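Spelled out from the first residue to the last, the chains are:
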Amino acid sequence: MTLRVYLVDDERLAVDRLKRLLEATGRVTIAGTSTDPEAALDFLSSHPVDVLFLDIQMPGLTGFELLERLDRDVAVVFTTAYDRYAIDAFSVNSIDYLLKPIEPDRLERALDKVERFAGQPRPDVRALARELAAELSPSRKLERIASRVGERTRVLDVARISHFSSKDKLTFAVVNGREHVIDHTLSDLEARLDARRFTRIHRATIVNIGFVGELFPALDGGVLVRLKDDRHTELSVARDRVRELKERIFRLDRRFDQP
């Protein structure tokens, strides 16, 4: 099956590169491209396509706003340079995402996914756009987070994550001692997590306060946290963050002790 695809990105170089990559697959017909989301909306309103490759961040009209105004359902593959947009919402039905710079093998997997869902009911693109925009709002606190390994996406409940750690330029969400790679930085997580539940205890660690079972002195004179997880994980607490952590634990306990 040859897919009719349309490309929307406000950067001409990005459009041209994606077009070349798609043509090299031999699996698609390019129905058109645009760097102007308004012009793309006009085209899509009168020309049916199978797949829309859509940039998220565009001046004037974002990818989500374009979808809200589109009067027909279409399979969507978002393209974005921002890792923080790579969340579980993009794995719904025929929806996928590609991080820039787009790699040929990842593009092939996105086309595979679109073909697998061909002929199946798709979500209402307008409702989906509203949901994704709300999900990605900076003011919205994370409730779920995605860990992608190859073509598989594991959705993690944030409440079950004992801590987040950063090492070797990767960020991990840890559940019962098991590490899951995620597409967020710790700085991004600090801004998106519920500050009543999570706090940074080290430059490389954010902890879920509800999982803190014990604080005790370390041999080097510092402080360690022992978590209430299956492995009784121990984490280092930076000296300048010990007092804040103790205060946060006390506030959390006091709030839940109230009738």
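Keep in mind the model is a prediction, meaning the values are calculated, not measured.

**Q** How do you make sense of the packing of aromatic side chains when you look at a structure like this?
**A** Each aromatic ring pair is summarised here by two numbers: the centre-to-centre distance and the angle between the ring planes. With the rule as written, the count across this model stands at three aromatic pairs. Considering the side-chain rings of Phe-164 and Phe-198, the 5.8 Å spacing of their centres and the 55° angle between planes classify their relative orientation as tilted. A residue pair is termed long-range when its members are at least 10 positions apart, and Phe-164 in strand S8 (residues 163-167) and Phe-198 in strand S11 (residues 198-202) qualify at 34 residues. The same class applies to Phe-164 as to Phe-198, namely buried. In this structure, Lys-167 packs its charged tip against the face of Phe-172, placed 5.4 Å from the ring centre.

**Q** Got a minute to help me understand the pattern of salt bridges in this structure?
**A** Where charged atoms from two side chains of opposite charge come close, those side chains can pair. Applying the stated criterion across every chain yields a total of 14 salt bridges. For Arg-226, the salt bridge identified is with Glu-214, shortest N-O distance 2.7 Å. Of the two residues, Arg-226 sits in strand S14 (residues 223-227) while Glu-214 sits in strand S13 (residues 212-217), which places them 12 residues apart along the sequence. A relative accessible area of 34% places Glu-214 in the partly exposed class. Glu-244 serves as the salt-bridge partner of Arg-248, at 3.8 Å between the closest nitrogen and oxygen. Of this pair, Arg-248 and Glu-244 are both found in helix H7 (residues 242-257), four residues apart, which corresponds to roughly one turn of the helix. For Arg-248, a relative accessible area of 10% translates into the label buried. It is possible to trace a salt-bridge network through shared partners that takes in Arg-27, Glu-108, Asp-112 and Glu-115.

**Q** How do you make sense of the sheet that holds S8 when you look at a structure like this?
**A** Taking strand neighbours across the sheet as the criterion, the five strands line up as S10-S9-S8-S12-S11 in an open arrangement whose pairing is antiparallel. Bordering the open sheet on either side are strand S10 (178-182) and S11, each of which pairs with just one other strand. The mean angle between the axes of side-by-side strands here comes to 30°, regardless of whether they run parallel or antiparallel.

**Q** Even after reading the chapter, I still don't get the packing of helix H1 (residues 12-25) against helix H4 (residues 104-116), so can you show me in this structure?
**A** Two numbers describe how H1 lies on H4: the axes approach to 10 Å, and their chain directions differ by 65°. Taken together, the axis directions place H1 and H4 in an arrangement best described as roughly perpendicular. Relative to H4, H1 is oriented so that their crossing is right-handed. Along the contact surface, H1 presents Leu-18, Leu-21, Leu-22 and Thr-25, while H4 presents Pro-104, Leu-107, Glu-108 and Leu-111.

**Q** For this particular structure, what's the right way to read the sheet that holds strand S1 (residues 3-8)?
**A** Remark on secondary structure: sheet strands pair via backbone hydrogen bonds, oriented parallel or antiparallel. Spatial ordering of the open sheet is given by S2-S1-S3-S4-S5, a layout of five strands whose pairing is parallel. The open sheet is flanked by strand S2 (28-34) and strand S5 (96-99), the only strands paired with a single partner. Strand-to-strand, the axes of this sheet are offset by a mean angle of 20°, without reference to chain direction. Strand direction decides the pairing type here: strand S3 (residues 51-55) and strand S4 (residues 75-80), joined by five bridges, are parallel. When the bridges of S4 are listed, Leu-54 appears paired with Phe-78.

Rules used in this analysis
- Residues numbered from 1 in each chain as written.
- Predicted model: local features only at pLDDT ≥ 70, side-chain atom pairs only at ≥ 80, totals over all residues.
- Heavy atoms only, no water.
- Phe/Tyr/Trp six-rings, centres within 6.5 Å; stacked < 30°, edge-to-face > 60°.
- Helix = DSSP H or I, 4+ residues; strand = E, 2+ residues; numbered from the N terminus.
- Buried < 20%, exposed > 50% of the residue type's maximum accessible area, 1.4 Å probe, protein only.
- Lys NZ or Arg CZ within 6 Å of the ring centre and 35° of its normal.
- Salt bridge = Lys/Arg side-chain N within 4 Å of Asp/Glu carboxyl O.
- Pairing = 2+ DSSP bridges.
- Axes fitted to C-alpha atoms, helices over the stretch in contact; angles between N-to-C directions.
- Parallel < 35°, antiparallel > 145°, perpendicular 65-115°, else oblique.
- Left-handed = near helix turned anticlockwise from the far one by under 90°.
- Contact = heavy atoms within 4.5 Å.

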